[in-house]
Amino acid sequence: MLKVTLCLALLLAGASQRCLPTHALPPVVEIFPNPTHHSLFVKVDLLKSQNGSISLETREGQKLFTKPLPKEENPVSLHLDISIFPPGIYILKVSSDAGEITKRFLKL
C-alpha cells in the first residue's frame, strides 16, 4: 500500500512513471524544539529493513558524536542532551541504506 501511495503521489507531482522501490525511501526525520537550550528531541522513521545512524556536527564539520539507530524500534525517538555544547548552529545527520537527511538547529 505504501508503494502504491508513494507512486501515485510522485506521478501527481510530475515525476516520471518510474517509482522508487520502498527499500530506497530515505528516513523521515523530525526535530524539536528549534531553537533549543538544553535538549533536542529527535524522531526518525526508517523502514525496518534499513540500517541507520545519527550524528551531530558543528557548522564547521567537526563530528561531536555518531550512534547507530536500533532496527527493532520504528519510529525511533531520541532525547539528546546538548547542554554541554556552546551556543551556535549544529547539524544533525540521519543516514540510512537509502540516503541521508540533514537538519540544522540553533542551540541558544
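The sections below set out a description of the structure shown in this document.

Parameters at a glance
Residues numbered from 1 in each chain as written. Predicted model: local features only at pLDDT ≥ 70, side-chain atom pairs only at ≥ 80, totals over all residues. Heavy atoms only, no water. 1 Å grid on protein atoms, 1.4 Å probe; cavity = no way out; pocket = protein on both sides within 12 Å on 5 of 7 lines; lining within 4 Å. Points joined across faces, edges and corners; volume = space filled by probe spheres on them. Nonpolar A, V, L, I, M, F, W, Y, C, P; charged D, E, K, R; others polar. Core = buried A, V, L, I, M, F, W, Y, C linked by side-chain atoms within 4.5 Å. Buried < 20%, exposed > 50% of the residue type's maximum accessible area, 1.4 Å probe, protein only. Contact = heavy atoms within 4.5 Å. Helix = DSSP H or I, 4+ residues; strand = E, 2+ residues; numbered from the N terminus. Polar contact = N/O pair within 3.5 Å; in protein donor to acceptor, adjacent residues only side chain to side chain. Pairing = 2+ DSSP bridges. Axes fitted to C-alpha atoms, helices over the stretch in contact; angles between N-to-C directions. Phe/Tyr/Trp six-rings, centres within 6.5 Å; stacked < 30°, edge-to-face > 60°.

## Here we look at empty space enclosed by the protein
Moving on, step 1. Inspection of the entire model under this criterion finds one cavity of 30 Å³ or more.
Moving on, step 2. Reported here for the largest cavity is a volume of approximately 40 Å³.
Moving on, step 3. Along the walls of the largest cavity sit Leu-46, Leu-47, Lys-48, Gln-50, Gly-52, Leu-69, Pro-70, Lys-71, Glu-73 and Asn-74, which together make up its complete lining.
Moving on, step 4. For the lining of the largest cavity, a count of residues per class yields four nonpolar, three polar and three charged.

## Brief notes about the nonpolar core
Moving on, step 1. By size, the foremost hydrophobic cluster in this structure holds 18 residues, and its most contacted members are Val-42, Leu-69, Leu-92 and Phe-105.
Moving on, step 2. Those residues within four positions of Leu-92 in sequence are excluded, and the remaining contacts are Ile-31, Val-42, Ile-54, Ser-55, Leu-56, Leu-80, Ile-101, Thr-102, Lys-103 and Phe-105.

## Some remarks on the environment of Asp-97
Moving on, step 1. Within the secondary structure, Asp-97 is located in the loop between strand S6 (88-96) and strand S7 (99-107).
Moving on, step 2. Looking at Asp-97, the relative accessible area reads 52%, which means it is exposed.
Moving on, step 3. Setting aside residues up to four positions removed in sequence, Asp-97 forms contacts with Ser-49, Gln-50 and Asn-51.
Moving on, step 4. Here Asn-51 takes part through its backbone nitrogen, which lies 3.0 Å from a polar atom of the side chain of Asp-97.

## With respect to the environment of Asn-51
Moving on, step 1. Within the secondary structure, Asn-51 sits in the loop between strand S2 (39-45) and strand S3 (52-58).
Moving on, step 2. The spacing of Asn-51 and Ser-95 is 44 residues in sequence and 8.2 Å in space, taken between C-alpha atoms.
Moving on, step 3. Residues contacting Asn-51, with those up to four places away along its chain left out, are Lys-71, Ser-95, Ser-96 and Asp-97.

## Observations concerning the sheet that holds S2
Moving on, step 1. Taken together, three strands build an open sheet; the order of strands is S1-S2-S5 and the sheet is antiparallel. Single-partner strands in this sheet number two, and they are strand S1 (28-32) and strand S5 (76-81). Within the sheet, the average angular offset between the axes of one strand and its neighbour, ignoring direction, is 20°.
Moving on, step 2. Two strands pair when backbone bridges link them, and S2 and S5 are joined in this way by six bridges, in the antiparallel orientation. Its bridge partner being in S5, Ser-39 is matched across the sheet by Asp-81.

## Brief notes about the packing of aromatic side chains
Moving on, step 1. On inspection of all chains with the given rule, the structure shows three aromatic pairs.
Moving on, step 2. An angle of 20° between the planes, with centres 5.8 Å apart, marks the rings of Phe-32 and Phe-41 as stacked.
Moving on, step 3. Seen from their ring centres, Phe-85 and Tyr-90 are 5.8 Å apart, and the 40° between their planes marks the pair as tilted. Grouping residues by exposure puts Phe-85 and Tyr-90 together as buried.

## Examining the sheet that holds S3
Moving on, step 1. In space, the four strands of this open sheet follow the order S4-S3-S6-S7, with antiparallel pairing throughout. In this open sheet, the two edge strands, each paired with only one partner strand, are strand S4 (63-69) and S7. The sheet shows a mean angle of 15° between the axes of neighbouring strands, direction not considered.
Moving on, step 2. In this structure, S6 lies alongside S7, joined through nine bridges in antiparallel fashion. Residue pairing in the sheet places Lys-93 in a bridge with Thr-102 of S7.

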